[in-house]
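# Overview (structure and organization)
Each chain is listed here by its residues.
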Amino acid sequence: MEKDWVPGNNVGSLGCGLCIASRSLLQSVEEALEERSLTIRPASELQELDSPDDTIGTIKRAPFLGPSPPEPPAEDPLSSPLGPNSPPLLPTAWATMKHREDPERSSCHGLPPTPKVHMGACFSKVFNGCPLRIHAAVTWIHPVTRDQFLVVGAEEGIYTLNLHELHEDTLEKLISHRCTWLYCVNNVLLSLSGKSTHIWAHDLPGLFEQRRLQQQVPLSLPTNRLTQRIIPRRFALSAKIPDTKGCLQCRVVRNPYTGSTFLLAALPTSLLLLQWYEPLQKFLLLKNFSSPLPSPAGMLEPLVLDGKELPQVCVGAEGPEGPGCRVLFHILPLEAGLMPDVLIPPEGLPGTAQQVIQVDRDTVLVCFDRCVRMVNLLGEPTATLAPVLTFDFPIETVVCLQDSVLAFWSHGMQGRSLDTNEVTQEITDETRIFRVLGAHRDIILESIPTDNPGAHSNLYILTGHQSSY
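Because the structure is predicted, anything quoted here is derived from the model rather than measured.

Here the focus is the sheet that holds strand β25 (residues 423–428). Within a sheet, neighbouring strands are paired by backbone hydrogen bonds and run either parallel or antiparallel to one another. Pairing is antiparallel across the open sheet formed by 4 strands, whose spatial order is β22-β23-β24-β25. This sheet does not close on itself; its edge strands, each paired only once, are β22 (397–400) and β25. Adjacent strand axes in the sheet meet at a mean angle of 15 degrees, parallel and antiparallel pairs treated alike. Examined bridge by bridge, β22 and strand β23 (residues 404–409) share 4 bridges and lie antiparallel to one another.

This part takes up the environment of Ser 417. Looking at the element boundaries, Ser 417 is found in strand β24 (residues 412–417). Considered as a pair, Ser 417 and Leu 389 are 28 residues apart in the sequence and their alpha carbons are 8.2 Å apart. When sequence neighbours within four positions are dropped, the list of residues in contact with Ser 417 reads Leu 389, Asp 403, Ser 404, Glu 422 and Thr 424.

So, on to the sheet that holds strand β18 (residues 355–360). The sheet built from 4 strands is open, its strands ordered β18-β19-β20-β21 with antiparallel pairing. Two strands lie at the open edges of the sheet, namely β18 and β21 (388–390), each paired on one side alone. Across the sheet, the mean angle separating the axes of adjacent strands is 20 degrees when strand polarity is ignored. Summarising the sheet, strand β19 (residues 363–367) and strand β20 (residues 371–375) pair through 4 bridges and their orientation is antiparallel.

Another point: helix α2 (residues 204–215). Its 12 residues give α2 an end-to-end C-alpha distance of 17 Å, which sits within 8% of 16 Å, the value for a rise of 1.5 Å per residue. All of the buried residues in α2 are Leu 204, Gly 206, Leu 207, Phe 208, Gln 210, Arg 211 and Gln 214.

The next thing to look at is the packing of aromatic side chains. Under the definition given, this model contains 10 aromatic pairs. The interplanar angle of 50 degrees and the centroid separation of 5.6 Å between the aromatic rings of Phe 391 and Phe 393 together place this pair among those described as tilted. We note that Phe 391, like Phe 393, is buried. In this arrangement the basic side chain of Arg 211 is found over the ring face of Phe 208, its NZ or CZ atom lying 4.7 Å from the centre. The ring of Phe 391 carries the charged tip of Arg 416 above its face, separated from the ring centre by 5.5 Å.

Rules behind the numbers
- Residues numbered from 1 in each chain as written.
- Predicted model: local features only at pLDDT ≥ 70, side-chain atom pairs only at ≥ 80, totals over all residues.
- Heavy atoms only, no water.
- Pairing = 2+ DSSP bridges.
- Helix = DSSP H or I, 4+ residues; strand = E, 2+ residues; numbered from the N terminus.
- Axes fitted to C-alpha atoms, helices over the stretch in contact; angles between N-to-C directions.
- Contact = heavy atoms within 4.5 Å.
- Expected span 1.5 Å × (residues − 1).
- Buried < 20%, exposed > 50% of the residue type's maximum accessible area, 1.4 Å probe, protein only.
- Phe/Tyr/Trp six-rings, centres within 6.5 Å; stacked < 30°, edge-to-face > 60°.
- Lys NZ or Arg CZ within 6 Å of the ring centre and 35° of its normal.

In short, the description is geometric, and any link to function would need to be established separately.
Shown next, in the form of structure tokens:
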């Protein structure tokens, strides 16, 4: 029997409900108003921004008051060591560490095209005087407008810069959480964000549309703060990937033999392996290895083997830095467990590799302090490529192209041919300290003055180098 409603008996519960709802709404409005200070207005020519929270709308670049870093002139492509019609040393179809390139990427609206010729590399500045403390950066092409965006992850949050509208010189905040790692899969942005460092998945087109609608509201109240409590989690534009709390580092790898894409997530006491599921446009947990990693904050590089569905994980590599010497990889075979074949050497041991990148079916780049070695999956020198590329500076980051290797250091970059070990690109500026922020599709860097490390940074995209795969 349906119970009759008695007004006198429900006044207390109704008032309590209204009170709770009012407090919840008030809290949401307060949080939304705080969101208005998540971005920065431009500084005038004689005034610098002291903090990214000083203003409300966007981050504008600082006035350009000095000369740009030296850019080497482009040379005749016929001067390339390989010749203009020579095939690349590494196949373009491999792309182990990267996704297949967007077929319409050449038609996107971004930086003006730069001829890619021998010794033609330059740092194209896209933002001057950035106050953010940036950890990572990627580029992304909007599927509707075809505008290319620079997405940066910083202590202050995730910001975007439209490379097609550089005259606006505006960095706009997209997410307010601290971010230390970024990666784009289709139109989904993966980030390592938050105080407790979860892996997040963000719907980029949805977030851009939400921001566009917010800009049309007079009060500019972010609607996500007001509606996130009532929108089902499956429809949220940003969502945590389950079981990734406390994640230390991530890697994404594509198996070119099967077309599968995997996400590796290193936690203090476990290693997660997730696989991209195209119909849902999300990563789903495939395996959870509960054994602790030998060094969770150390190397975590996936290696793909022919005939194996799951990747192996390289957690270290060592060997003498001379030609003809074998490199020893420390491998975690995911299908067989997490115990390595040999003990992991302590960090900082002489001869320990800094970076490992698989560049072909049976070719692995191993970066040491001042040299790069090209070996096969067994660690033996390759017969078709230069076994050792030597550099006269301490290497911080390496990027492998189709026919050369770019080595970045604190004051610039140098490229060397995979065939002859000859210098193919070189940029040096001792007045600036450079740092690579991302190299997934575009190589993104930041620089600060050598004599003023606390100054605001400049952001660049490397252009004019011979195309990467």
